[in-house]
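Close look at the chain arrangement
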There are 4 protein chains.
Amino acid sequence: MTHAREILDTYPGTTAMDAAALVECIEACFDCAQSCSACADACLVEQVVSHLRRCITMCLNCSDVCATTGRVFCRQTDFEPAMARAALQACAEACRLCAEECERHAREMNMEHCRVCAEACRRCERACSDALSAVGA
Amino acid sequence: MTHAREILDTYPGTTAMDAAALVECIEACFDCAQSCSACADACLVEQVVSHLRRCITMCLNCSDVCATTGRVFCRQTDFEPAMARAALQACAEACRLCAEECERHAREMNMEHCRVCAEACRRCERACSDALSAVGA
Amino acid sequence: MTHAREILDTYPGTTAMDAAALVECIEACFDCAQSCSACADACLVEQVVSHLRRCITMCLNCSDVCATTGRVFCRQTDFEPAMARAALQACAEACRLCAEECERHAREMNMEHCRVCAEACRRCERACSDALSAVGA
Amino acid sequence: MTHAREILDTYPGTTAMDAAALVECIEACFDCAQSCSACADACLVEQVVSHLRRCITMCLNCSDVCATTGRVFCRQTDFEPAMARAALQACAEACRLCAEECERHAREMNMEHCRVCAEACRRCERACSDALSAVGA
């Protein structure tokens with residue numbers, strides 16, 4: 001449960017895009033930031049941690065990029081499409097790279113945290129693509 | 001909708017506290033980080049922005065502290081109670097200060113974004129207090 | 001004074017690019033993250049804060065993007081050029097947009113904090129461009 | 001080289017504490033955020049990464065807490081001593097815990113990145129203690 005929709009509905013100005021797409025973008029970014037931090041941590045406790053270096057790096061990067069992108073979209077006042085596009089492109093790429101790495105570990109090593117994390121990454125990648133269309137890429 | 005519960009359930013080690021309290025703490029922190037970023041932005045677009053300086057500062061601080069605390073609790077590997085306590089105390093205080101400021105603007109100026117933000121802050125303050133009890137303050 | 005060069009020199013692996021360019025990129029990102037947070041705050045205390053909404057939004061966005069990019073470059077283990085490029089492109093754009101806005105206020109309104117912030121943004125924009133060349137854009 | 005002193009000197013209001021202590025606190029926080037991110041990454045590439053789990057967790061936590069505290073002190077507008085104290089206490093604790101862990105690896109395993117990181121942590125712990133005295137703990 002989050003307040004994302006409710007607080008956006010109280011915004012006193014005009015939002016830069018359709019409310020549903022905006023809320024999904026913000027929620028997907030914060031959710032992915034959380035999942036990626038948790039997956040990096042779960043990788044760290046695994047016995048085969050030395051095989052998971054790339055996964056940890058991808059997760060840490062993706063978590064930071066998603067948290068930043070989520071915040072950029074919280075800022076609707078003097079919303080700048082060029083800034084939005086740059087953030088969305090970086091975020092979609094971070095999510096794609098992290099999802100691919102996590103999906104591989106889910107498939108080959110049965111890592112459940114990687115499976116869940118990849119889901120959060122793919123959802124966020126999609127939300128960023130949709131937001132890019134809405135902003136006008 | 002978030003993956004917080006699902007990814008926590010896949011953690012390969014033992015979590016430092018009851019899963020329900022942990023998930024609520026993590027979700028409340030990320031939610032409050034989002035609401036506070038959005039409320040600072042909504043304050044900025046208000047015509048009376050010069051009356052909202054303290055509210056913007058409180059929201060920006062609270063957003064950063066909540067995002068950090070949420071991440072600290074994503075890290076269950078070699079979880080350190082002393083670190084957890086320090087983060088929770090800072091977070092509960094940031095949420096309390098921000099909630100008080102927002103509640104005043106909700107009451108006196110009918111600011112709906114402040115009302116919603118205060119709700120997110122009070123939820124997070126409560127979750128931090130509960131987590132403090134669980135960690136052993 | 002920072003430890004950026006010293007800690008990079010102790011990295012046990014091979015860094016993805018020339019040490020001097022890497023250190024400048026990391027230092028410029030963290031410096032710009034700091035300057036932009038301070039400039040947003042200085043704008044907020046100005047009497048003409050209602051004229052500075054766009055500047056505050058640009059500064060808050062730029063601060064977040066720079067902090068994230070600085071961290072991505074701290075991570076040399078399994079460094080992924082595609083991730084680096086995406087982060088650098090977003091960061092160079094955030095810095096350019098923020099610098100343009102701050103330069104205007106420095107010029108037209110004599111705002112000294114905007115003049116200093118624009119310097120930090122232009123330095124970071126340059127460092128990101130140089131790093132993009134080094135990574136292979 | 002950072003712009004921290006220069007931008008603080010242009011602040012149009014009155015800062016909450018002595019400029020020298022404030023600049024040192026801000027610079028030490030951003031420097032420690034950077035060093036801790038780099039040390040976590042250097043630990044990750046080590047062959048004995050499974051012995052460094054606690055170090056990585058401490059570094060990731062300390063990096064987040066320092067970045068947040070550095071930002072809180074960039075915000076001098078409507079500076080709230082209670083918020084400052086809470087952030088400083090959490091930050092001093094995060095730095096102390098991370099420094100102790102890193103010093104152990106520097107001493108017992110000759111890890112140079114841990115030695116440098118511990119220096120950055122101890123500097124930041126000191127700066128937070130000094131700032132706590134200045135704010136009035």
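What counts as what
- Residues numbered from 1 in each chain as written.
- Chains lettered and ligands numbered in written order.
- Predicted model: local features only at pLDDT ≥ 70, side-chain atom pairs only at ≥ 80, totals over all residues.
- Heavy atoms only, no water.
- Contact = heavy atoms within 4.5 Å.
- Buried area = accessible area lost by both parts, 1.4 Å probe.
- Salt bridge = Lys/Arg side-chain N within 4 Å of Asp/Glu carboxyl O.
- Polar contact = N/O pair within 3.5 Å; in protein donor to acceptor, adjacent residues only side chain to side chain.
- Helix = DSSP H or I, 4+ residues; strand = E, 2+ residues; numbered from the N terminus.
- Nonpolar A, V, L, I, M, F, W, Y, C, P; charged D, E, K, R; others polar.
- pLDDT = per-residue confidence, 0-100.
- Core = buried A, V, L, I, M, F, W, Y, C linked by side-chain atoms within 4.5 Å.
- Buried < 20%, exposed > 50% of the residue type's maximum accessible area, 1.4 Å probe, protein only.

How big an interface is tends to be stated in terms of accessible area lost as the parts join. Tallying the contact residues gives 12 residues for chain D and 12 residues for chain A. Summing both sides of the interface, chain D and chain A together bury roughly 820 Å²; the carbon and sulfur share of this comes to 61%. The three residues of chain D that bury the most area against chain A are Leu44, Val49 and Arg53 of chain D, which together make up 61% of that side's buried surface. For the interface between chain D and chain A, the tally reads zero salt bridges. In this assembly, chain D and chain A are joined by four residue pairs in polar contact (both at pLDDT 80 or more). Contributing elements (two or more residues each) for the side of chain D that touches chain A: helix 2 (19–45) and helix 3 (53–74) of chain D. By residue number, the principal contributor to the side of chain D that touches chain A is helix 3 of chain D, which donates five residues. Each residue belonging to the side of chain D that touches chain A can be placed in one class, and the counts come to five nonpolar, three polar and four charged.

Detailed reading of the predicted coordinates is not advisable wherever pLDDT falls low. For chain A, the mean per-residue pLDDT works out to 97, and 99% of the residues sit at or above 70. As a predicted assembly, this complex carries a pTM of 0.98 together with an ipTM value of 0.97.

So, on to the nonpolar core. Soluble globular proteins tend to bury their nonpolar side chains together. One finds Phe73 of chain A, Phe73 of chain B, Phe73 of chain C together with Phe73 of chain D to be the most contacted residues of the largest nonpolar core, which totals 244 residues. Once you skip the residues sitting within four places of it in the chain, phenylalanine 73 of chain C turns out to touch Met17, Leu22, Cys25, Ile26, Phe79, Ala84, Leu88 and Val135 of chain C.

Although it is not a glycine, aspartate 78 of chain A sits at a positive phi angle of roughly 55°. Among the structural elements, aspartate 78 of chain A can be located in the loop between helix 3 (53–74) and helix 4 (81–109). In this structure, asparagine 110 of chain C is a non-glycine residue whose phi angle is positive, near 60°. Within the fold, asparagine 110 of chain C resides in the loop between helix 4 (81–109) and helix 5 (112–135).

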